[in-house]
Amino acid sequence: MATDEQMKEIVKQKYSEIALQDKATNESSCCGSGCCSTEVYNIMSDDYSTLEGYNPDADLGLGCGLPTQFAKIKKGDTVIDLGSGAGNDCFIARQETGEAGKVIGIDFTPAMIEKARNNAEKLQFNNVEFRQGDIEKMPVTANVADVVVSNCVLNLVPNKDAVIKEIFRVLKPGGHFSISDIVLQGVLPAKIQEAAEMYAGCVSGAVQKQIYLDMIDNNGFKNITIQKEKTIHIPDDILSNYLNAEEMAAFRSGNTGIYSITVYAEKPTDAPCCAPGCC
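This section reports on the structure supplied with the text. In this text, all values refer to a predicted model and were calculated from it rather than measured experimentally. (Residues numbered from 1 in each chain as written. Predicted model: local features only at pLDDT ≥ 70, side-chain atom pairs only at ≥ 80, totals over all residues. Heavy atoms only, no water.)

Concerning unusual backbone geometry
Although it is not a glycine, Asn-143 adopts a positive phi angle of roughly 60°. Relative to the elements of secondary structure, Asn-143 occurs in the loop between strand S3 (128–132) and strand S4 (145–151). Assessed through its relative accessible area of 33%, Asn-143 is described here as partly exposed. Phi angles above zero are rare outside glycine, and Cys-152 is one such case at about 60°. With respect to the helices, strands and loops of the structure, Cys-152 is situated in the loop between S4 and helix H6 (160–170). (Helix = DSSP H or I, 4+ residues; strand = E, 2+ residues; numbered from the N terminus. Buried < 20%, exposed > 50% of the residue type's maximum accessible area, 1.4 Å probe, protein only.)

Here's what the structure looks like:
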């Protein structure tokens, strides 16, 4: 098995390639991972184009939900987007915060940061900024954000608990997050778990749904709510890259489920700056 740092490097390299691809190429693959399907397949079937603030140049066809739609962003809020890519969710969040608010996008892929900054420059947004950094250790001070959003990114991070702790740290007391992510029920076949492309494609890095929710709870968040849930279907022509016919049939007939969930949770108003056990 690859180490955490090796997995991070796989993701960084893959998303550097994705930054240079067009949306159509990304939409025909598994979360942009490059394992193209003859079925027009996209983990995120949700359509951003109807949301105010949508900018097609910033939409790479990645993700697994619409967290900004559920994020309860208000005018004047400070919003942090984890894994901000080309800036899609940031620009939609900026529509919600208005000129009085601030949006900070964090991504650890230099090519994505460059693309997002160019998009922000074209849009002449002076209250949207993009910072290169690891979301396991965000380049942001504590208690700064009213809202944190993220779209299909924690799947890609080896230490998800560290990210949850960081979200707790950067949120103001009383702040909240809305995050779309991939989770599992049951066990993925070993060949899928070990496939680098499927890891970069947001699937094999997913954890069990209850473990994911417990992690949020154990880090001190309250009012944890699943705002949206949908089943993810991986087409046969993608699975056939990793499984033979017999293995694929067993996978299809088994109890393993892959889901996109959008989760909401709040940092208590009386909370310390850091998650429980970290101060």
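Details of the packing of aromatic side chains
Scanning all chains against the criterion turns up four aromatic pairs. With 5.8 Å between their ring centres and 55° between their planes, Phe-91 and Phe-125 make a pair best called tilted. With Phe-91 in helix H4 (residues 88–97) and Phe-125 in the loop between helix H5 (110–123) and S3, the pair connects residues that are 34 residues apart, well separated along the chain. When the centroid spacing of 5.1 Å and the interplanar angle of 80° are considered together, the rings of Phe-168 and Phe-221 count as edge-to-face. Placement of the pair is Phe-168 in helix H6 and Phe-221 in the loop between helix H9 (209–218) and strand S7 (222–231), with a sequence separation of 53 residues. You'll find Phe-168 and Phe-221 in the same group, each marked buried. (Phe/Tyr/Trp six-rings, centres within 6.5 Å; stacked < 30°, edge-to-face > 60°.)

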